[in-house]
There are 2 protein chains.
Amino acid sequence: MSLNPAPLAQMANAIRALSMDAVQAANSGHPGMPMGMADVATVLYSKFLKFDPKAPDWADRDRFVLSAGHGSMLIYSLLHLTGYEHPTMDDIRNFRQLGSPCAGHPENFLLDGVECTTGPLGQGLAMAVGMAMAERHLNAEFGDDLVDHRTWVIAGDGCLMEGVNHEAIGLAGHLKLGRLNVLWDDNRITIDGSTDLSTSEDIPARFQAAGWHVAYCDGHDFVDIEKALAAAAASEKPSLVACRTVIGKGAPNKEGSHSVHGSPLGDEEIAAARKELGWDAPPFEIPDDVLAAWLKVGDAGAGTRAAWNESLSGHPKSTEFIRRYTGDLPDTGALHDYIDGLLKEPQKVATRKASEMALGVLTEAVPEMVGGSADLTGSNNTKTRATTPFTAEDYAGRYVYYGIREFGMAAAMNGMALHGGIIPYGGTFMVFTDYCRPAIRLSALQQARVVYVMTHDSIGLGEDGPTHQPVEHLQSLRAMPNLLVMRPADVVETAECWELALRQKDRPTVLALTRQGLPQMRTENVENAGGNACARGAYRLKAAEADRRVILIATGSEVEVAMKVAQALEKKGVGADVVSMPCTELFDEQDADYREDLLPDVGPEKILRVSIEAGTTFGWERYTMANGLNIGLDRFGASAPAKDLFERFGFAADAIVPKIMEKISK
Amino acid sequence: MSLNPAPLAQMANAIRALSMDAVQAANSGHPGMPMGMADVATVLYSKFLKFDPKAPDWADRDRFVLSAGHGSMLIYSLLHLTGYEHPTMDDIRNFRQLGSPCAGHPENFLLDGVECTTGPLGQGLAMAVGMAMAERHLNAEFGDDLVDHRTWVIAGDGCLMEGVNHEAIGLAGHLKLGRLNVLWDDNRITIDGSTDLSTSEDIPARFQAAGWHVAYCDGHDFVDIEKALAAAAASEKPSLVACRTVIGKGAPNKEGSHSVHGSPLGDEEIAAARKELGWDAPPFEIPDDVLAAWLKVGDAGAGTRAAWNESLSGHPKSTEFIRRYTGDLPDTGALHDYIDGLLKEPQKVATRKASEMALGVLTEAVPEMVGGSADLTGSNNTKTRATTPFTAEDYAGRYVYYGIREFGMAAAMNGMALHGGIIPYGGTFMVFTDYCRPAIRLSALQQARVVYVMTHDSIGLGEDGPTHQPVEHLQSLRAMPNLLVMRPADVVETAECWELALRQKDRPTVLALTRQGLPQMRTENVENAGGNACARGAYRLKAAEADRRVILIATGSEVEVAMKVAQALEKKGVGADVVSMPCTELFDEQDADYREDLLPDVGPEKILRVSIEAGTTFGWERYTMANGLNIGLDRFGASAPAKDLFERFGFAADAIVPKIMEKISK
């Protein structure tokens with residue numbers, strides 16, 4: 001059945017009107033993209049997208065990602081017009097104002113129907129790759145009856161120019177994600193002006209080189225759009241649909257120019273656009289017939305969803321399916337058995353190896369875990385027996401060879417986590433958190449359960465030298481809101497940290513793990529720790545024997561150093577606690593009593609607090625207070641064996657003890 | 001003249017022998033790449049590369065970038081064999097040991113002939129793009145006699161898979177950088193195994209789509225290599241030479257497999273390789289005839305350089321040329337005239353606008369400044385009258401439309417700075433320092449004078465919301481070694497900070513600038529500041545009038561807030577200093593007297609220190625000490641007008657004063 005163009009045009013104009021009026025009211029925002037892509041979006045929502053505004057969380061809905069997030073009024077318009085509870089017209093009136101869910105850029109935590117937060121360019125599309133991976137994986141596990149949907153993306157030139165685009169489309173092409181369709185707003189305009197200013201790329205050729213199908217359409221011809229979208233949907237490859245559009249379409253004097261990209265049109269031009277579009281309704285009012293047509297589009301999915309609900313209720317795997325999507329963990333008691341075994345038979349291993357051991361247990365117990373590495377599988381120790389390769393030939397696999405695509409990996413993991421039904425984890429070197437940092441930030445902002453397995457976490461990696469040695473990374477990640485950074489000290493803490501990371505339903509975790517072997521520091525359960533000593537972020541690993549004058553606070557590989565320092569101090573009659581602090585953020589969340597017990601606020605004169613971490617000292621003053629002592633590394637590292645570097649940079653009891661003695665003798 | 005293959009083969013084997021022996025001795029490193037690319041590198045150095053080991057700083061040398069930095073033994077071998085002073089054979093024997101300039105990855109600050117630090121994949125090639133841009137720009141300015149060289153890159157699959165590659169080659173293709181030639185080590189192996197595991201890309205097609213010329217060769221056939229390199233050199237487009245190679249070539253049982261990528265071959269395989277290669281010399285010894293052949297290659301450039309020296313000495317622009325390459329600034333007195341003007345007629349402008357004003361003066365005075373923006377020219381205020389567009393049609397231009405390529409821009413700026421003769425600056429939003437962070441780190445590590453113009457530096461940007469609002473960015477950048485973060489409070493400080501940034505010959509600067517207008521806080525010269533009050537990182541903007549009980553420390557837009565707080569406190573009889581701290585790192589470098597004068601160490605009971613910055617409080621304890629007060633934002637922001645956000649998040653005197661009063665009344 002072909003579409004009747006007349007009502008579609010007015011449906012699209014409703015998007016245009018809401019977009020230009022909301023941007024004008026806010027006196028800020030981006031009218032150009034929603035007006036330019038209104039026609040394409042109208043065809044997508046009315047003819048292709050599987051969704052039900054009454055059940056935004058329907059597991060088998062199509063995912064729609066507005067990668068060009070600055071055009072947020074496009075999705076706010078669509079959600080409102082098709083009958084989602086939010087945004088209301090008042091929400092839209094308050095576009096970009098405090099308290100409105102219609103934020104400057106779409107936020108997944110503010111509105112149902114916004115599948116992910118977009119705005120940082122390139123990442124929406126890269127997350128969509130993860131969503132499409134999740135769909136294929138869950139389809140392989142639960143079958144067509146429960147999982148059979150597409151991922152649609154609207155992306156602009158910015159999304160395509162960003163480096164992460166290359167990583168994302170390379171991965172999608174390699175994995176043959178045929179259910180991923182990207183509608184490219186080919187308007188030849190960026191903020192600075194014509195795309196000619198900065199690019200000469202043949203974009204379709206590049207996508208084809210990456211294994212994509214390319215379709216084309218006039219983005220203002222409904223019939224042509226429908227044909228192109230149908231071709232995209234039919235292709236077994238991921239598809240790019242090049243939609244030739246005019247930015248700000250409908251604004252007669254400004255369309256096609258970069259002046260409509262990111263500024264209000266102004267009252268005069270809006271009046272001219274109303275005339276041009278034949279749109280008589282006042283701002284924030286939608287004529288009844290147009291609204292009715294849109295609501296009908298919104299209602300169309302209800303039947304499909306009802307049928308799907310029936311499939312689910314009779315499905316043999318329905319309980320497991322629901323558990324997965326709810327995000328509740330299965331029984332992980334096996335991990336505690338494993339920890340009990342360690343307490344009986346201590347092991348000296350690198351924490352990256354300890355992570356592999358814990359993962360061995362967890363990936364057996366938790367089938368929704370999907371792992372991977374950015375081409376460092378053997379170094380990150382991320383692959384287990386249970387996680388066979390996820391490939392174009394076997395989507396049931398649970399291990400992704402992401403290639404040398406750290407940022408693409410992190411963004412894909414965000415997409416998988418947001419899709420639901422999967423807990424993604426992936427590895428690279430700790431220093432390359434810099435490469436994935438924009439995606440880590442979106443994990444945190446979007447409240448996504450993603451676990452970053454970051455190995456080689458200090459100068460302890462040795463010979464690879466300063467380009468590979470994290471210095472500022474731990475602290476710079478701890479500064480990020482809603483992100484847990486965990487740096488376990490041994491094989492036991494590593495298992496505990498893994499358990500904690502999986503328990504965080506609404507925040508990501510970075511696990512910082514050593515390359516080098518570490519002795520097991522914990523050989524017995526810690527009192528009052530509720531079965532997981534790391535859960536409170538920090539705990540007293542060793543209590544002072546002599547009169548307590550020093551508290552040593554350390555993380556990861558430096559806990560061993562702290563224990564040696566403490567022993568040396570005790571020999572001198574100086575009592576010293578050792579506090580292992582695998583996660584500063586969790587410690588900060590503890591009640592005052594617990595914090596006071598561990599780090600008593602009795603003033604620096606009485607008890608000297610010393611932090612020891614093989615990274616920048618910056619920020620450690622939070623825990624060591626005035627006149628504390630911060631042992632760390634405030635310069636770049638060097639290339640040499642780890643042992644030589646720890647000695648060179650003063651991470652040894654011999655070097656630290658005299659500093660403490662000098663300080664407490666003052 | 002065609003090459004005689006026989007000696008070339010043994011010359012290449014010298015690289016193979018040194019590489020496998022050095023990695024074996026270090027018991028760590030990457031033999032596969034140097035052995036695989038030895039033949040290509042031998043042809044490059046002996047037939048194409050313009051260089052003189054006796055004058056590694058020769059301005060008109062070709063630049064060679066080993067983007068696949070893990071193959072560092074390739075360049076160490078080449079530098080040694082061609083007669084550079086370093087590395088000596090002892091340096092090579094000590095590969096990857098403490099003190100050897102032969103670090104795990106090549107470091108530009110350790111060895112002449114290493115043009116840039118590589119190891120973090122993708123960035124070497126992206127820096128090479130900047131070098132090639134610098135060459136064309138300086139050629140346009142100084143002519144063929146002084147500037148006429150090529151940039152050669154060896155890159156592996158990792159460099160090509162990284163996202164930054166897309167940005168870099170897109171920029172290079174658009175700018176038609178025909179003197180850039182990338183030799184791709186097409187060995188079909190990554191760390192995890194075959195490239196088939198993670199990629200299906202048609203790499204030549206992608207480069208062609210980006211406007212590149214592609215040549216092909218058998219990377220082990222000297223004649224074929226020479227032909228391909230000649231074709232690359234002849235093309236007016238940037239060229240990719242796909243060199244089909246066998247990784248670890250020469251190791252008979254391991255070559256062609258990922259096991260030779262990053263591990264020593266082992267004694268047995270090395271013995272087998274010696275046999276295979278017909279290489280009888282013991283480890284770290286080069287047969288006389290082979291060494292002689294290599295040294296002859298090294299000597300070949302001396303004549304060209306002598307002729308060039310003559311050109312320079314007689315050239316009308318020789319003084320200016322030398323000044324540029326030395327990195328000394330010209331007279332910037334005009335900036336002080338400008339500042340004097342501001343002191344007389346204060347202005348309320350956003351610091352991004354203040355930056356534009358300072359840049360207007362500086363880009364006139366300092367012709368080596370080359371600016372740009374990642375598609376935010378109008379927002380970053382980076383373009384001035386003096387900086388006309390740098391395009392394929394006009395390389396004399398000084399303003400680069402980088403496109404939506406933050407990381408590519410940052411890496412290109414590193415390349416320009418390292419090339420010499422240029423001081424690059426470029427802008428994007430502060431939040432997107434995350435996108436360029438890996439390159440910012442390399443600016444710092446490489447000691448490169450790059451100025452990052454990062455605008456929209458807090459929730460003060462308003463409506464764009466949390467994806468665009470930096471929170472943790474200031475502190476996470478301050479944690480990075482050898483990087484200056486400057487956050488000026490007004491139009492005067494902005495000019496001062498620009499001056500300071502330009503003065504840093506061996507470190508990069510991030511300027512954090514507001515979107516919103518700020519009143520001029522400084523209307524007179526600061527005593528004892530040597531003409532630039534920001535030079536000491538912090539200074540007393542206002543001294544307490546009543547008995548001093550509070551010191552307010554603020555940066556950027558919050559200095560205005562601090563002044564209001566101080567006024568309110570004084571009214572209550574509480575004396576309060578206001579310290580403006582535009583650059584914490586410079587303040588940390590001051591002598592104890594100065595620091596003590598500003599922040600007297602008289603204990604928290606006597607004087608309360610309060611930090612005010614619209615970003616994470618994490619790290620501010622360094623300056624506020626125990627029981628200090630840190631006013632900041634420890635969560636993500638929100639979308640709303642700036643005024644509403646500052647109020648909502650408590651950055652107003654009304655909200656801050658009671659907190660201070662409570663604290664000092666305890």
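Residues numbered from 1 in each chain as written. Chains lettered and ligands numbered in written order. Predicted model: local features only at pLDDT ≥ 70, side-chain atom pairs only at ≥ 80, totals over all residues. Heavy atoms only, no water.

Draft legend 1. Spotlight on the side chain of arginine 61 of chain A. Residue and element names in this part refer to chain A. Structurally, arginine 61 can be placed in the loop between α2 (32-48) and β1 (63-66). Overall, arginine 61 belongs to the buried group, its relative accessible area being 10%. Of note is the side chain of arginine 61, whose polar atom sits 3.2 Å from the backbone oxygen of proline 56. For arginine 61, the residues in contact, after removing those within four places along its chain, are Lys50, Pro56, Glu115 and His149. (Helix = DSSP H or I, 4+ residues; strand = E, 2+ residues; numbered from the N terminus. Buried < 20%, exposed > 50% of the residue type's maximum accessible area, 1.4 Å probe, protein only. Polar contact = N/O pair within 3.5 Å; in protein donor to acceptor, adjacent residues only side chain to side chain. Contact = heavy atoms within 4.5 Å.)

Draft legend 2. The arrangement of the environment of asparagine 27 of chain B in detail. Residue and element names in this part refer to chain B. Take asparagine 27: it is sitting in the loop between α1 (5-26) and α2 (32-48). Judged by its relative accessible area of 56%, asparagine 27 falls in the exposed class. Expressed as a C-alpha distance, the spacing of asparagine 27 and tyrosine 539, which sit 512 residues apart in the sequence, is 52 Å.

Draft legend 3. Region of the structure containing a negative patch on the surface. Residues and elements named next belong to chain A. There is a patch of like negative charges on the surface, built from Asp591, Asp593, Glu596 and Asp601. Within the secondary structure, aspartate 601 sits in the loop between α23 (592-598) and β19 (608-612). Note on aspartate 601: relative accessible area 46%, which makes it partly exposed. (Patch = residues over 30% accessible without salt bridge, like charges linked within 9 Å, V, L, I, M, F, W, Y side chains within 5 Å. Areas by Shrake-Rupley, 256 points an atom, 1.4 Å probe, with all protein chains shown as cover. Salt bridge = Lys/Arg side-chain N within 4 Å of Asp/Glu carboxyl O. Lys, Arg positive; Asp, Glu negative; His and termini not counted. Charge placed at Lys NZ, Arg CZ, Asp CG, Glu CD.)

Draft legend 4. Focus on the interface of chain B and chain A. Tallying the contact residues gives 95 residues for chain B and 95 residues for chain A. Of the roughly 8,000 Å² buried between chain B and chain A, counting both surfaces, carbon and sulfur atoms make up 60%. Across the chain B-chain A interface, the total number found is eight salt bridges. In this structure, the salt-bridge partner of arginine 622 of chain B is glutamate 621 of chain A, at a minimum N-O distance of 2.6 Å. For the pair chain B and chain A, the number of links is 54 residue pairs in polar contact (both at pLDDT 80 or more). The element that contributes the greatest number of residues to the side of chain B that touches chain A is helix α18 (residues 433-445) of chain B, accounting for eight residues. By residue class, the composition of the side of chain B that touches chain A is 37 nonpolar, 32 polar and 26 charged. (Buried area = accessible area lost by both parts, 1.4 Å probe. Nonpolar A, V, L, I, M, F, W, Y, C, P; charged D, E, K, R; others polar.)

Draft legend 5. Highlighting the state of the cysteines. All names here are of chain A. Evaluated as defined, the whole model comprises zero disulfides over all chains. Free of any disulfide, cysteine 116 has its nearest cysteine sulfur in cysteine 159, 10 Å distant. Exposure remark for cysteine 116: the relative accessible area of 3% places this residue in the buried category. (Disulfide = S-S within 2.5 Å.)

Draft legend 6. Seen up close, the UniProt feature "binding site: thiamine diphosphate" (unreviewed entry) in chain A. Listed under "binding site: thiamine diphosphate" (unreviewed entry) in the UniProt record, and renumbered for this structure, are His70, Gly119, Pro120, Leu121, Gly158, Asn187, His261 and Phe432 of chain A. These annotated residues cover 363 residues of sequence, and their C-alpha atoms sit far apart, with the largest distance between any two at 34.4 Å. The topology assignment puts histidine 70 of chain A in the loop between β1 and α3 (72-81). Sequence-distant contacts of histidine 70 of chain A, defined by excluding residues within four places in its chain, comprise His30, Met33, Gly104, His105, Leu121 and His261 of chain A. Looking at the element boundaries, phenylalanine 432 of chain A is found in the loop between β11 (423-429) and α18 (433-445). What phenylalanine 432 of chain A contacts, discounting residues up to four positions off in sequence, is Glu406 and His468 of chain A together with Pro120 of chain B. (UniProt positions renumbered as here; feature names shortened; annotations may be inferred.)

Draft legend 7. Fine view of the sheet that holds strand β3 (residues 180-186) of chain A. All names here are of chain A. Read across the open sheet, the five strands follow the order β1-β2-β3-β7-β6; overall the sheet is parallel. Each end of this open sheet is capped by a strand with a single partner; those strands are β1 and β6 (213-218). Across the sheet, the axes of successive neighbouring strands diverge by a mean angle of 20°, strand direction being ignored. Running at roughly 170° to strand β2 (residues 151-155), helix α5 (residues 123-142) makes contact with β1, β2 and β3 of the sheet. (Pairing = 2+ DSSP bridges. Axes fitted to C-alpha atoms, helices over the stretch in contact; angles between N-to-C directions.)

Draft legend 8. Local environment of the packing of helix α12 (residues 302-313) of chain B against helix α13 (residues 318-326) of chain B. Residues and elements named next belong to chain B. The N-to-C vectors of α12 and α13 enclose an angle of 115°; their axes lie 8 Å apart at closest approach. Only Ser318, Phe321 and Ile322 of α13 make contact with α12, whose side of the interface consists of Trp308, Leu312 and Ser313. Split into classes, the residues belonging to the contact of α12 with α13 amount to four nonpolar, two polar and no charged.

Draft legend 9. Quick look at the pattern of salt bridges. Residues and elements named next belong to chain A. Inspection of every chain in the model, using the stated rule, returns 77 salt bridges over all chains. Note that arginine 136 is salt-bridged to glutamate 135, the shortest N-O span being 2.7 Å. In this structure, arginine 136 and glutamate 135 share a single accessibility class: buried.

Draft legend 10. Molecular detail of helix α26 (residues 653-665) of chain A. Residue and element names in this part refer to chain A. Its 13 residues give α26 an end-to-end C-alpha distance of 18 Å, which sits within 8% of 18 Å, the value for a rise of 1.5 Å per residue. Among all positions in α26, only Ala653, Ile656, Val657, Ile660 and Ile664 are buried. Along the axis of α26, the buried residues cluster in a sector spanning 100°; they form a single face. When the buried face of α26 is taken as reference, the exposed residues oriented beyond 90 degrees from it are Asp654 and Ser665. Residues of α26 that are buried in the fold lie against β17 (548-554), α21 (558-571), β19 and β20 (629-631). (Expected span 1.5 Å × (residues − 1). Arc of directions from axis to C-beta.)

Draft legend 11. Fine view of the relation of the copies chain B and chain A. Here chain B sits on chain A after a turn of 180° about the axis and a move of 0.0 Å along it, with an RMSD of 0.0 Å. On this basis, the relationship between the two copies can be described by a two-fold rotation axis. Interface residue correspondence from chain B to chain A reaches 100%, placing this contact among same-surface, isologous pairings. (Least-squares fit on C-alpha atoms with pLDDT ≥ 70 in both.)

Draft legend 12. Fine view of the pairing of β3 of chain A. Residues and elements named next belong to chain A. Within β3, seven of the seven residues are buried, which leaves the element mostly enclosed by the surrounding structure. Residue alternation in β3 divides its side chains into two sets, Leu180, Val182, Trp184 and Asp186 and Asn181, Leu183 and Asp185, and both sets are buried. Pairing analysis gives five bridges linking β2 to β3, with the strands arranged parallel. Directly across from valine 153, in β3, lies its bridge partner valine 182. Across six bridges, the pairing between β3 and strand β7 (residues 239-244) is parallel. The residue of β7 that forms the bridge with leucine 183 is valine 241.

Draft legend 13. Layout of the packing of aromatic side chains. Residues and elements named next belong to chain A. Tallying each qualifying case throughout the model produces 40 aromatic pairs over all chains. With centroids separated by 5.8 Å and ring planes inclined at 55°, the aromatic side chains of phenylalanine 48 and tryptophan 152 adopt a geometry described as tilted. Highlighted residues: phenylalanine 48 in helix α2 and tryptophan 152 in strand β2, separated in sequence by 104 residues. On the basis of relative accessibility, which here comes to 0%, the residue tryptophan 152 falls in the buried class. Ring centres of phenylalanine 321 and tyrosine 325 lie 4.6 Å apart, and the angle between their planes is 35°; this geometry places the pair in the tilted category. Of the two residues, phenylalanine 321 and tyrosine 325 are both situated in helix α13 (residues 318-326); the distance of four residues between them amounts to about one turn of the helix. The buried category is assigned to phenylalanine 321, whose relative accessible area is 2%. With a relative accessible area of 21%, tyrosine 325 lands in the partly exposed category. (Phe/Tyr/Trp six-rings, centres within 6.5 Å; stacked < 30°, edge-to-face > 60°.)

Draft legend 14. Representation of the domain arrangement of chain A. Residue and element names in this part refer to chain A. Taken domain by domain, chain A comprises domain 1 (5-307), domain 2 (332-519) and domain 3 (536-665). For domain 2 versus domain 3, the separation of C-alpha centres amounts to 26 Å. In this complex, domain 2 contributes 29 residues to the contact, which on the side of domain 3 involves 35 residues. Taken over both partners, the interface formed by domain 2 and domain 3 buries close to 2,400 Å², and the fraction arising from carbon and sulfur atoms is 57%. Counting across the domain 2 and domain 3 interface gives three salt bridges. (Domains from an automatic or database assignment.)

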